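# Breakdown of the fold
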Amino acid sequence: MNQFGDYQNEIYFDGLRGIKPSLPVDFKRLEERASAALPQSVLSYVQRGCGDEFTQRRNVEAFSDWGLVPRMLVDTRVRDLSVDVFGKRYASPLMLCPIGVIGVCAQDGRGDIATARAAAAARVPMIASTLMNDSLETVAEALGEGDAFFQLYTPKDRDLAQSFVRRAEAAGYKGIVVTLDTWLTGWRPRDLNDSNFPQLRGVALANYFSDPLFRAKLAVPPEEDIAAAVRYWASIFGMTVTWDDLAWLRSITTLPLIVKGIQHPDDAKRAIDLGVDAIYCSNHGGRQANGGLASIDLLPALVAACGDVPVWFDSGIRSGTDVVKALAMGASMVGVGRPYAYGLALGGTAGVVHVIRSILAEADLLMAVDGFPDLAALRAAGLRRTRA
Ligand code: FNR
């Protein structure tokens with residue numbers, strides 16, 4: 001039986017033939033390499049966050065405040081990292097976070113397609129952003145046998161929101177992930193100092209430009225006057241989704257509904273009462289609001305509040321060890337964000353697959369060494385604070 005950790009043997013055996021991995025297996029070196037390769041404006045948009053980036057830093061640092069206590073004398077020759085997601089079995093709990101400019105992280109501008117192919121090849125679900133360079137239908141085609149969820153930035157125009165949802169349903173997406181924290185953009189000094197906001201240059205707006213309802217609102221098609229189309233987009237981009245709107249969103253789809261950006265247990269409980277199928281604990285990687293606590297520190301209370309309802313997690317995942325810690329805290333699915341953007345920038349589809357395989361191999365080997373044959377055992381063991 002193949003195990004994720006086998007990637008390690010592949011790498012070492014390749015070494016015997018003089019072949020080293022073409023990309024680093026760790027985040028620090030990956031980011032260094034990507035920093036040298038990406039155009040400055042794209043790098044800055046991906047790498048940077050809100051305010052002085054306190055929250056973004058804490059997202060990463062806070063993982064070292066938590067540690068595992070290994071168990072010995074357990075047979076972990078076979079590890080099972082598989083999870084059930086709304087009735088379907090996935091080999092691992094990893095997922096690819098929605099990244100709105102992933103298109104331009106690829107040299108050819110088709111990064112959404114490359115990500116879909118990587119998700120299919122590595123058998124992890126992709127969460128496709130509303131903000132893509134290719135339409136959600138084109139991305140769904142590129143997925144082949146792979147799976148994706150559709151992430152919705154709810155437009156002010158409810159009919160357009162409904163149109164996106166209908167299209168996602170028709171294209172075979174497995175659920176709708178509504179992002180709650182981005183009806184406007186947080187204060188990002190790095191992007192502001194460079195006056196750099198890709199969408200205003202027409203980047204990543206394919207889902208809007210291909211939508212009949214959006215197009216009907218324009219005097220001329222986007223292909224003829226992109227500036228006017230972008231202006232209209234900016235005027236309708238973000239609805240301030242409130243509890244009433246959430247009830248409406250629930251009513252417009254029978255697909256699983258996941259709410260992204262929940263941090264407070266009371267919000268989680270209320271969303272569950274309104275019928276959402278999963279809570280997605282995330283602070284957008286510190287890109288939207290500064291001054292907040294690390295998402296990983298908020299995860300235990302959310303898990304406790306959600307009972308049997310799955311809690312998805314992202315923000316600060318840089319390694320397989322981070323994934324294992326989030327799972328030990330009770331996350332059902334764990335999202336990788338910036339690391340795969342760098343993998344894509346450096347190696348396209350293969351680069352994303354390498355990042356996923358590296359993270360999964362590290363997670364799998366950690367579970368093997370620490371005596372956790374499956375996620376239930378890991379979750380039962382939990383984590384300890386590294387400092388009192
Ligand atoms: C994002 N994120 C995001 N989230 C979302 O719901 N829709 C989106 O379109 C985007 N776009 C986006 C662009 C870029 C460049 C980044 C880095 C992130 C947030 C993303 O889904 C996830 O929450 C964060 O990436 C998690 O933080 P880390 O682990 O990547 O630091």
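Before going further, it helps to spend a moment on the layout of surface pockets. The volume enclosed by the largest pocket comes to roughly 740 Å³. In terms of lining residues, the largest pocket is bounded by 41 residues, among which Tyr 45, Tyr 153, Arg 188, His 284 and Arg 287 are the most central. Elements with a contribution of two residues or more to the lining of the largest pocket: α3 (40-47), α9 (189-193) and α12 (226-236). Taken together, the residues that form the lining of the largest pocket break down as 18 nonpolar, 16 polar and seven charged. Taken as a whole, the second largest pocket spans an internal volume of roughly 440 Å³. Along its surface, the second largest pocket is lined by 20 residues, and Asn 2, Gln 3, Phe 4, Ala 91 and Arg 123 are the ones closest to its centre.

With that settled, consider the state of the cysteines. Here the structure, examined in full by the defined rule, presents zero disulfides. Looking at Cys 306, it has no disulfide partner, and the nearest cysteine sulfur is the one in Cys 281, 9.1 Å off. On the basis of relative accessibility, which here comes to 4%, the residue Cys 306 falls in the buried class.

Once that is clear, we can look at the nonpolar core. Of all hydrophobic cores here, the largest spans 123 residues; its most connected members are Tyr 173, Ile 176, Tyr 208, Ile 296, Leu 299, Trp 312 and Phe 313. Sorting elements by how many residues they give to this core places helix α17 (residues 338-370) first, with 14 residues. Ignoring any residue separated from it by four or fewer positions in sequence, one finds Ile 176 in contact with Phe 150, Leu 152, Val 165, Ala 168, Thr 253, Leu 255, Pro 256, Leu 257 and Ile 258.

Glancing now at unusual backbone geometry. Even without glycine at this site, Glu 53 takes up a positive phi of about 65 degrees. With respect to the helices and strands, the residue Glu 53 is situated in the loop between α3 and α4 (54-61). Positive phi outside glycine occurs at Leu 73, with the angle close to 60 degrees. Examined against the element boundaries, Leu 73 turns out to sit in the loop between β1 (66-67) and β2 (83-85). Overall, the relative accessible area of 91% leaves Leu 73 in the exposed class.

The subject of this paragraph is the packing of aromatic side chains. The full count for this structure, using the stated rule, is 16 aromatic pairs. Look at Phe 86 and Trp 312: their rings are 6.1 Å apart centre to centre, the planes differ by 40 degrees, and that puts the pair in the tilted class. With Phe 86 in the loop between β2 and β3 (88-90) and Trp 312 in strand β10 (residues 311-313), this pair connects stretches of sequence that are 226 residues apart. A residue is classified by how much of its surface remains accessible, and Trp 312, at 1% relative accessible area, is buried. Plain terms: the ring middles of Tyr 208 and Trp 233 are 6.1 Å apart, the flat faces sit at 80 degrees to each other, and that makes the pair edge-to-face. Pair noted here: Tyr 208 is in helix α10 (residues 206-209) and Trp 233 is in helix α12, with a separation of 25 residues, a long-range link. Owing to a relative accessible area of 4%, Trp 233 belongs among the buried residues under this scheme. Following the ring pairs from residue to residue traces out a cluster consisting of Phe 150, Tyr 153, Phe 164, Tyr 173, Tyr 208, Phe 209, Phe 214, Tyr 232, Trp 233 and Phe 237.

Below, the discussion takes up helix α13 (residues 243-251). Because the α-helix completes a turn every 3.6 residues, residues three or four places apart line up on one side. Listed in full, the buried residues belonging to α13 are Asp 245, Leu 246, Trp 248, Leu 249 and Arg 250. For α13, the secondary structure elements touched by its buried residues are β6 (148-152), α8 (158-170), β7 (176-179), β8 (257-262) and α14 (265-273).

This brings us to the pattern of salt bridges. Per the stated rule, a full pass over the model turns up 21 salt bridges. Where Lys 28 meets Glu 32, a salt bridge forms, and the shortest distance between an N and an O atom there is 3.3 Å. In this pair, Lys 28 and Glu 32 both sit in helix α2 (residues 27-37), four residues apart, roughly one turn of the helix. For Lys 28, a relative accessible area of 57% corresponds to the exposed category. Asp 211 is paired through a salt bridge with Arg 167; the nearest N and O atoms lie 2.9 Å apart. With Asp 211 in the loop between α10 and α11 (212-216) and Arg 167 in helix α8, this pair connects stretches of sequence that are 44 residues apart. The pair formed by Asp 211 and Arg 167 is uniform in burial state, with each residue classed as buried.

Let's shift gears to the site of the ligand. Around the ligand lies a shell of 22 residues, among which Pro 98, Ser 129, Thr 179, Arg 318 and Arg 338 are the nearest. One of the backbone N or O atoms of Pro 98 is found 2.7 Å from an oxygen atom in the ligand. At a threshold of 2 Å from the grid points, most atoms of the ligand map onto the largest pocket. Across the shell around the ligand, the residue classes tally to seven nonpolar, 10 polar and five charged.

Here the focus is the environment of Thr 386. Summarising the element assignment, Thr 386 is placed in the segment after β12 (384-385). For the pair formed by Thr 386 and Leu 68, sequence separation is 318 residues and the distance between their alpha carbons is 9.0 Å. Apart from the residues lying within four places of it in its own chain, the contact partners of Thr 386 are Ser 64, Asp 65, Trp 66 and Gly 67.

Our focus in this paragraph is the packing of α14 against helix α15 (residues 295-306). Two elements in contact, α14 and α15, have axes whose closest approach is 9 Å; the angle formed by their N-to-C orientations is 30 degrees. Taken together, α14 and α15 sit at an angle that is classed as roughly parallel. Note that α14 runs across α15; the crossing there is right-handed. Seen from α14, the contacting residues are Pro 265, Ala 268, Lys 269 and Ile 272; seen from α15, they are Ala 301, Leu 302, Ala 305 and Cys 306. Split by residue class, the contact of α14 with α15 holds seven nonpolar, no polar and one charged.

Our next topic: the side chain of Thr 55. Structurally, Thr 55 can be placed in helix α4. Here the side chain of Thr 55 touches Gly 291 through a polar contact of 2.8 Å, landing on its backbone nitrogen. In this structure Thr 55 touches Asn 283, Gly 286, Ala 289, Asn 290, Gly 291, Gly 292 and Leu 293, once residues within four positions along its chain are discounted.

Criteria and thresholds
Residues numbered from 1 in each chain as written. Predicted model: local features only at pLDDT ≥ 70, side-chain atom pairs only at ≥ 80, totals over all residues. Heavy atoms only, no water. 1 Å grid on protein atoms, 1.4 Å probe; cavity = no way out; pocket = protein on both sides within 12 Å on 5 of 7 lines; lining within 4 Å. Points joined across faces, edges and corners; volume = space filled by probe spheres on them. Helix = DSSP H or I, 4+ residues; strand = E, 2+ residues; numbered from the N terminus. Nonpolar A, V, L, I, M, F, W, Y, C, P; charged D, E, K, R; others polar. Disulfide = S-S within 2.5 Å. Buried < 20%, exposed > 50% of the residue type's maximum accessible area, 1.4 Å probe, protein only. Core = buried A, V, L, I, M, F, W, Y, C linked by side-chain atoms within 4.5 Å. Contact = heavy atoms within 4.5 Å. Phe/Tyr/Trp six-rings, centres within 6.5 Å; stacked < 30°, edge-to-face > 60°. Salt bridge = Lys/Arg side-chain N within 4 Å of Asp/Glu carboxyl O. Near = heavy atom within 4 Å. Polar contact = N/O pair within 3.5 Å; in protein donor to acceptor, adjacent residues only side chain to side chain. Sits in = over half its atoms within 2 Å of the grid points. Axes fitted to C-alpha atoms, helices over the stretch in contact; angles between N-to-C directions. Parallel < 35°, antiparallel > 145°, perpendicular 65-115°, else oblique. Left-handed = near helix turned anticlockwise from the far one by under 90°.

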